[in-house]
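Residues per chain, in single letters:
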Amino acid sequence: DIQMTQSPASLSASLGETVTIECRASEDIYNGLAWYQQKPGKSPQLLIYNANSLHTGVPSRFSGSGSGTQYSLKINSLQSEDVASYFCQQYYNYPLTFGSGTKLEIK
Amino acid sequence: QVTLKESGPGMLQPSKTLSLTCSFSGFSLSTSGMVVSWIRQPSGKSLEWLAAIDWDGDKYYNPSLKSRLTVSKDTSNTQVFLKITSVDIADTATYYCARTIAAIFPFDYWGQGVMVTVSS
């Protein structure tokens, strides 16, 4: 199985700041990497796919980058509605696996 | 408009079999490449992919749970089912079904989830 190591586990930032969340795969996943946002009591929503492609309707302040085993999600100009948990997921190979999640709060 | 909705028993006793249904609309599982997966999430924890079935009837399972899982679909290709045998407290979670449009693609639509509690 491909292990996904996500950091940090939690993050507190001020409105307008830029935050970055990292995800490391245990082997090369060839950009088969997605980022999801999950608000409390809701199902996850796709933000980024193929490591750096913005899903339809997602604000442009979200961006993804990386390759090989190292990937990151950046949120520019943090907004109050960005308070959520964020998960990475590899879909390069079965079994599909997720990172442990990052809980983002506003200072 | 693509929608998925999970249904299940809400609560069941340890050692029983959990049966879940994912009912969806806005797409057909007979469309080439389409896949529906089951994912679960214990409260406050991360997501765990359980199983998937594709448009061609091929099935994929998480090896850690494979012996207890059975995924299937109906002949009209509008429902997917998951059975988990011999449940215990560790199976308490919110269960989601989600769609991918190809095997090597992320989940673009998710159901709202159904909470399942295993308790005696």
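In this report, the structure presented in the accompanying data block is examined. Not measured: the values here are computed from a predicted model.

**A look at the layout of surface pockets**
Taken as a whole, the largest pocket spans an internal volume of roughly 540 Å³. Around the largest pocket sit 26 residues that line it, and Q38 and S85 of chain A together with Q41, G44 and K45 of chain B are the ones nearest its centre. Secondary-structure elements contributing two or more residues to the lining of the largest pocket are β9 (84-90) and β11 (102-106) of chain A together with β9 (93-100) of chain B. At four residues, β11 of chain A tops the list of elements feeding residues into the lining of the largest pocket. Space inside the second largest pocket adds up to approximately 390 Å³. Those elements that provide at least two residues to the lining of the second largest pocket are β5 (45-49) of chain A together with β1 (3-7) and β10 (109-110) of chain B. Per-element accounting of the lining of the second largest pocket gives the leading share, three residues, to β5 of chain A. Looking at the lining of the second largest pocket residue by residue, the class counts come to ten nonpolar, nine polar and six charged.

**Observations concerning the interface of chain B and chain A**
Each side of the interface is counted separately: chain B has 22 residues, and chain A has 20 residues. Between the two partners, chain B and chain A, sit zero salt bridges. On the surface where chain B and chain A come into contact, there are six residue pairs in polar contact (both at pLDDT 80 or more). Those elements giving two or more residues to the side of chain B that touches chain A turn out to be β4 (35-41) and β5 (48-54) of chain B. When residues in the side of chain B that touches chain A are grouped by element, the largest group, four residues, is from β4 of chain B. Residue composition of the side of chain B that touches chain A, grouped by class: 14 nonpolar, five polar and three charged.

**So, the pairing of β11 of chain A**
All names here are of chain A. Two elements, strand β2 (residues 10-13) and β11, share four bridges in a ladder whose sense is parallel. Residue pairing for β11: S10 is matched across the bridge by K103. Across three bridges, the pairing between β9 and β11 is antiparallel. Note that in β11 the partner of Y86 across the bridge is T102.

**What to know about the nonpolar core**
Across soluble globular proteins, you tend to see nonpolar side chains buried next to one another. Counting 29 residues, the largest nonpolar core has W38, L50, V80, L82 and Y95 of chain B as its most contacted members. Considering every element that reaches this core, the biggest residue donor is strand β3 (residues 18-25) of chain B, with four residues. What Y95 of chain B contacts, discounting residues up to four positions off in sequence, is E6, L18, L20, I39, R40, L50, I84, G113, V114 and V116 of chain B. By size, the runner-up hydrophobic cluster in this structure holds 23 residues, among which are A51, V58, A84 and Y86 of chain A.

**Here we look at the state of the cysteines**
Within the structure shown, the criterion is met by two disulfides over all chains. Across a sulfur-sulfur distance of 1.8 Å, C23 of chain A and C88 of chain A are joined as a disulfide pair. Its torsion about the S-S bond being 40°, the disulfide of C23 of chain A and C88 of chain A is classed as right-handed. Taken as a pair, C23 of chain A in strand β3 (residues 19-25) and C88 of chain A in strand β9 lie far apart in primary sequence, 65 residues in all. Each sulfur of the disulfide joining C22 of chain B and C97 of chain B lies 2.1 Å from the other. The sign of the 75° torsion about the S-S bond sets the C22 of chain B-C97 of chain B disulfide as right-handed.

Reading the values: rules and limits
- Residues numbered from 1 in each chain as written.
- Chains lettered and ligands numbered in written order.
- Predicted model: local features only at pLDDT ≥ 70, side-chain atom pairs only at ≥ 80, totals over all residues.
- Heavy atoms only, no water.
- 1 Å grid on protein atoms, 1.4 Å probe; cavity = no way out; pocket = protein on both sides within 12 Å on 5 of 7 lines; lining within 4 Å.
- Points joined across faces, edges and corners; volume = space filled by probe spheres on them.
- Helix = DSSP H or I, 4+ residues; strand = E, 2+ residues; numbered from the N terminus.
- Nonpolar A, V, L, I, M, F, W, Y, C, P; charged D, E, K, R; others polar.
- Contact = heavy atoms within 4.5 Å.
- Salt bridge = Lys/Arg side-chain N within 4 Å of Asp/Glu carboxyl O.
- Polar contact = N/O pair within 3.5 Å; in protein donor to acceptor, adjacent residues only side chain to side chain.
- Pairing = 2+ DSSP bridges.
- Core = buried A, V, L, I, M, F, W, Y, C linked by side-chain atoms within 4.5 Å.
- Buried < 20%, exposed > 50% of the residue type's maximum accessible area, 1.4 Å probe, protein only.
- Disulfide = S-S within 2.5 Å.

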